[in-house]
Amino acid sequence: MESLTFRHTTKTPLPGSVPHAITGVVASGNLEILLERVLPPDACEVVIETPIAGYGAVWEAVVADFVARTQPGGLRISINDGGARPDTVSLRLLQGARLMEA
C-alpha cells in the first residue's frame, strides 16, 4: 500500500456551498473519492491510498492537471484507489468537483 499527499495553492475557492461529495466505488479497477470543503479557500490537499506502488509521478500529474483546470480551493480530497487508470481518476475528480458546485 502506498500513501501519497499533494498540496496545492489555488487562485480561487471552488464555487458552490455543498459541504462534501463522494464519487466512484472501489471495486474492479475503480476508485472512491471523498471531497470535503474544510480547508482555507486558497488551499487544496489530495490524499491518496493506493495498492499499486511506484506511480507517484503519474498521480502527481493527474492531480496537478485537475487543480489547474478546476481551481478546487477549500477542498480536502481523499482517494481510495482500487487500481484505476489515470483517465478514470480525472473523470471522478471532475465529477466530484461538479457535485460540490451545486
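All of these numbers come straight from a predicted model, not from anything done at the bench.

**Considering the side chain of Thr70**
Okay, so step 1: Within the element layout of this structure, Thr70 appears in helix H1 (residues 56-70).
Okay, so step 2: Accessibility expressed as a relative area gives 9% for Thr70, which makes it buried.
Okay, so step 3: One polar contact links the side chain of Thr70 to the main-chain carbonyl oxygen of Phe66, over a distance of 2.8 Å.
Okay, so step 4: Sequence-distant contacts of Thr70, that is, excluding residues within four places in its chain, are made with Leu14 and Leu94.

**Details of the sheet that holds strand E5 (residues 75-81)**
Through backbone hydrogen bonds, the strands of a sheet pair up, either in parallel or in antiparallel fashion.
Okay, so step 1: The sheet built from five strands is open, its strands ordered E1-E4-E5-E3-E2 with mixed pairing. A strand with exactly one partner marks an edge of an open sheet, and here the two such strands are strand E1 (2-9) and strand E2 (20-23). The mean inter-strand angle of the sheet, taken between neighbouring strand axes irrespective of direction, is 10 degrees.
Okay, so step 2: Here six bridges tie strand E4 (residues 43-50) to E5, and the two strands are oriented parallel to one another. Bridging from a neighbouring strand, Ile48 pairs with Ile79 of E5.
Okay, so step 3: Together, E1, strand E3 (31-37), E4 and E5 form the strand contacts of H1, whose direction differs from that of E1 by roughly 30 degrees.
Okay, so step 4: Here helix H2 (residues 86-100) sits on the sheet and contacts E2, E3 and E5; the angle it forms with E3, its principal contact strand, is near 35 degrees.

Rules behind the numbers
Think of each chain on its own: its residues are numbered from 1, step by step along the sequence as written. Reporting in this predicted model follows two pLDDT cut-offs: at least 70 for local features of residues, and 80 or more for side-chain atom pairs to be given and counted; totals over whole chains, interfaces and linings ignore these cut-offs and use all residues. Excluding hydrogens and water, the side-chain values take into account all heavy atoms of the structure. Only DSSP runs of H or I with at least four residues qualify as helices, and only runs of E with at least two residues qualify as strands; both kinds are numbered from the N terminus onward. The buried label goes to any residue with under 20% of its type's maximum accessible area, the exposed label to any with over 50%, and the partly exposed label to all in between, with areas taken from a 1.4 Å probe on protein chains only. Pairs of N or O atoms are called polar contacts if they sit within 3.5 Å, as long as, within protein, a hydrogen donor faces a hydrogen acceptor (for residues adjacent in sequence, only side-chain-to-side-chain pairs). Here a residue-residue contact requires only that any non-hydrogen atoms of the pair lie within 4.5 Å. Strands were regarded as paired on the criterion that DSSP finds at least two bridges between them. For helices, the fitted line uses only the C-alpha atoms of the stretch in contact; every axis is such a line through C-alpha atoms, and the angle between N-to-C directions lies from 0 to 180 degrees.

So, to be careful, I would describe these as geometric facts and stop short of saying anything about function.
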